[in-house]
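Next come the chains, spelled out residue by residue.
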Amino acid sequence: MGPLRSVVLAGGGTGGHIYPLLAFADCLRRHDPSVRITCLGTPKGLENELIPPHGYDLRLIPAHQLPRSVNMNLVRTPDRMFKAARAAGKVIDEVQADVVVGFGGYVSVPAYLAAWRRELPIVVHEVNVPPGVANRMGMRFTKHVAVGFPHQPVQAESLRHARVVGVPLRRGIAGLDRAAARGAARAHFGLHPDLPTIFVSGGSQGARSINLAVSGAAKELARAGVQVLHAIGARNEPISVPSDLPAPYVTLPYLSEMELGYAAADLMVCRGGAMTCAEVAAIGLPAVYVPYPHSNQEQKRNALPVVEAGGGLLVDDAELTPAWIEQVVVPLARDPQRLAAMGAAAAAYGRRDGDEALLDFVYEAVSR
């Protein structure tokens, strides 16, 4: 078929939905600068901060969290969903969309409904097990379902026939050569050029348990000649680190250019979000994964395949202490041969071409 003329992308609420959407939008534009890209979002979602600065048209529509129990919200849901789908449909009609590609989040539901009513091709991209509520609904309207990781079709019956395409990653990360960028990245943060380096991040909002465990081991890390780059998170309190350490311990509230942190690091300590797992594995960075404990264990399911492939370690949040950092992380950070082997295993599991593979899948869905 010919090139896509207009594509509607739906995904919002959290970075896990928005970052792959943006990476895919960039891929669309690389292949055809003339394609019309329209993103759907809600007034309160993180998409309002992330999408417009990238130069993409963001249309806001009403979207509501789907109730998980019988209450008044359940009674109001049909009317709310009708209004949201009507608003999404107006956007779809205005831009004369060829396809709707959804990445999850509640804004995706009205987009799926509006596209289904118009018999428009729908592609769903899912990165979690079990799939999110919005994408589970989207899968009722299409057979074109793509997933980010090989373990998803194995673990979830609803994803059994999904296509594994990988996770769309930003070019700055997908094309990162860590060895080539290491010196400049460490200089950027004021780190020593040659010391073993740990990059700590609990995601955009941070993780208090990770912050306390690593900062609590600051003296032991520095005495062992291990330096730390620590992104605390936008919603976390500053951590207390001694000022007279023999090795650098650099803290910052938030890091938007994660590729710089990845390039500076020999080892990462992080949560197990799908985007983090995809990015860290793709670039071959060994990681200590500390899954978020208060959920359905999806972060543990995300990280476990990378760990089983030899690309990292897994520790329960409750077991992460300064003593554990000293006993396990310090020796690992000082073992370049083990780190190299873990990095190679991570890279063999991960993939950098999720955006291109998803684009091929979208073309295939539209051509049918």
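About the criteria used
- Residues numbered from 1 in each chain as written.
- Predicted model: local features only at pLDDT ≥ 70, side-chain atom pairs only at ≥ 80, totals over all residues.
- Heavy atoms only, no water.
- 1 Å grid on protein atoms, 1.4 Å probe; cavity = no way out; pocket = protein on both sides within 12 Å on 5 of 7 lines; lining within 4 Å.
- Points joined across faces, edges and corners; volume = space filled by probe spheres on them.
- Helix = DSSP H or I, 4+ residues; strand = E, 2+ residues; numbered from the N terminus.
- Buried < 20%, exposed > 50% of the residue type's maximum accessible area, 1.4 Å probe, protein only.
- Pairing = 2+ DSSP bridges.
- Phe/Tyr/Trp six-rings, centres within 6.5 Å; stacked < 30°, edge-to-face > 60°.
- Axes fitted to C-alpha atoms, helices over the stretch in contact; angles between N-to-C directions.
- Core = buried A, V, L, I, M, F, W, Y, C linked by side-chain atoms within 4.5 Å.
- Contact = heavy atoms within 4.5 Å.
- Parallel < 35°, antiparallel > 145°, perpendicular 65-115°, else oblique.
- Nonpolar A, V, L, I, M, F, W, Y, C, P; charged D, E, K, R; others polar.
- Salt bridge = Lys/Arg side-chain N within 4 Å of Asp/Glu carboxyl O.

## Digging into the layout of surface pockets
For step 1, the next point in the chain: Approximately 250 Å³ is the volume found for the second largest pocket.
For step 2, the next point in the chain: What lines the second largest pocket is Tyr 19, Leu 46, Glu 49, Leu 50, Pro 53, His 54, Arg 170, Ser 204, Gln 205, Ala 234, Tyr 254 and Ser 256.

## Details of unusual backbone geometry
For step 1, the next point in the chain: Cis peptide bonds are those with omega within 30 degrees of zero, and the linkage from Val 129 to Pro 130 qualifies with -5°.
For step 2, the next point in the chain: Unusually for a residue other than glycine, Gln 96 sits at a positive phi of about 50°.
For step 3, the next point in the chain: Tracing the sequence through the fold places Gln 96 in the loop between α3 (72-95) and β4 (99-102).
For step 4, the next point in the chain: For Gln 96, a relative accessible area of 63% translates into the label exposed.

## Observations concerning the environment of Ala 184
For step 1, the next point in the chain: Tracing the backbone through its elements, the reader meets Ala 184 in helix α8 (residues 178-189).
For step 2, the next point in the chain: For Ala 184, a relative accessible area of 59% gives the class exposed.
For step 3, the next point in the chain: Remark: the alpha-carbon pair of Ala 184 and His 151, spanning 33 residues in sequence, is separated by 36 Å.

## Quick look at the pairing of strand β9 (residues 227-231)
For step 1, the next point in the chain: Where burial is concerned, most of β9 is hidden: five out of the five residues are buried.
For step 2, the next point in the chain: Residues Gln 227, Leu 229 and Ala 231 of β9 are buried on one face, and the alternating residues Val 228 and His 230, pointing to the opposite face, are buried as well.
For step 3, the next point in the chain: Pairing of strand β8 (residues 197-201) with β9 involves five bridges; the strand directions are parallel. Within β9, the residue paired with Phe 199 across the bridge is Leu 229.
For step 4, the next point in the chain: Pairing geometry for β9 and strand β10 (residues 249-252), over four bridges, is parallel. Bridge pairing in β10 places His 230 opposite Thr 251.

## Regarding the packing of aromatic side chains
For step 1, the next point in the chain: Enumeration according to the criterion identifies three aromatic pairs in this entry.
For step 2, the next point in the chain: Summarising the aromatic geometry, the rings of Phe 24 and Phe 103 are spaced 6.2 Å apart at their centres and angled 55° between planes, so their arrangement reads as tilted. Pair noted here: Phe 24 is in helix α1 (residues 15-31) and Phe 103 is in the loop between β4 and α4 (108-117), with a separation of 79 residues, a long-range link. No difference in accessibility class separates Phe 24 from Phe 103, as the two residues are buried.

## Brief notes about the sheet that holds strand β11 (residues 267-270)
For step 1, the next point in the chain: Strand order in the open sheet formed by six strands is β10-β9-β8-β11-β12-β13, and the pairing between neighbours is parallel. Whereas interior strands pair on both sides, the edge strands pair on one side only; in this sheet they are β10 and β13 (312-314). With strand direction ignored, the average angle separating the axes of adjacent strands in the sheet is 15°.
For step 2, the next point in the chain: By the bridge criterion, three bridges tie β11 to strand β12 (residues 287-289) in an arrangement that is parallel.

## Here we look at the nonpolar core
For step 1, the next point in the chain: Of all hydrophobic cores here, the largest spans 39 residues; its most connected members are Phe 199, Tyr 262, Met 268 and Tyr 289.
For step 2, the next point in the chain: The greatest single-element share of this core, amounting to seven residues, is contributed by helix α12 (residues 274-282).
For step 3, the next point in the chain: Among residues more than four places away in sequence, those in contact with Tyr 289 are Cys 270, Arg 271, Gly 272, Cys 277, Val 280, Ala 303, Val 306, Val 307, Leu 313, Leu 314 and Val 315.
For step 4, the next point in the chain: Counting residues in each nonpolar core, the second largest holds 33 residues, with Ile 210, Ala 224, Ile 239 and Leu 267 among its members.

## Focus on the packing of α1 against helix α16 (residues 354-367)
For step 1, the next point in the chain: Close contact between α1 and α16 brings their axes to 9 Å; oriented N to C, the two are set at 70°. In terms of orientation, α1 lies roughly perpendicular with respect to α16. For the pair α1 and α16, contact is made by Ala 23, Phe 24, Cys 27, Leu 28, Arg 30 and His 31 and by Asp 355, Glu 356, Leu 358, Leu 359 and Val 362, respectively.
For step 2, the next point in the chain: Grouping the constituent residues of the contact of α1 with α16 by class yields seven nonpolar, one polar and three charged.

## What about the pattern of salt bridges?
For step 1, the next point in the chain: Per the stated rule, a full pass over the model turns up 14 salt bridges.
For step 2, the next point in the chain: Taking the shortest distance from any N to any O, the salt bridge between Arg 30 and Asp 355 comes out at 2.9 Å. Here the residue Arg 30 occupies a position in helix α1, and Asp 355 occupies one in helix α16, the gap between them amounting to 325 residues.
For step 3, the next point in the chain: Overall, Arg 30 belongs to the partly exposed group, its relative accessible area being 37%.
For step 4, the next point in the chain: Classification of Asp 355 as buried rests on a relative accessible area of 0%.
For step 5, the next point in the chain: Residue Asp 317 is joined to Arg 271 by a salt bridge in which the shortest nitrogen-to-oxygen separation is 2.8 Å.

## A short note on the sheet that holds strand β1 (residues 6-10)
For step 1, the next point in the chain: The strand order across the open sheet built from seven strands is β3-β2-β1-β4-β5-β6-β7, with neighbouring strands paired in parallel fashion. With partners counted over all chains shown, the strands left at the sheet margins are β3 (57-60) and β7 (163-164), one partner each.
For step 2, the next point in the chain: Both β1 and strand β2 (residues 36-41) contribute to a ladder of five bridges, which runs parallel. The residue bridging Val 8 from the neighbouring strand is Thr 38, located in β2.
For step 3, the next point in the chain: Packing of α16 onto the sheet brings it into contact with β4, β5 (122-126), β6 (145-147) and β7, and relative to β5 it is tilted by some 150°.

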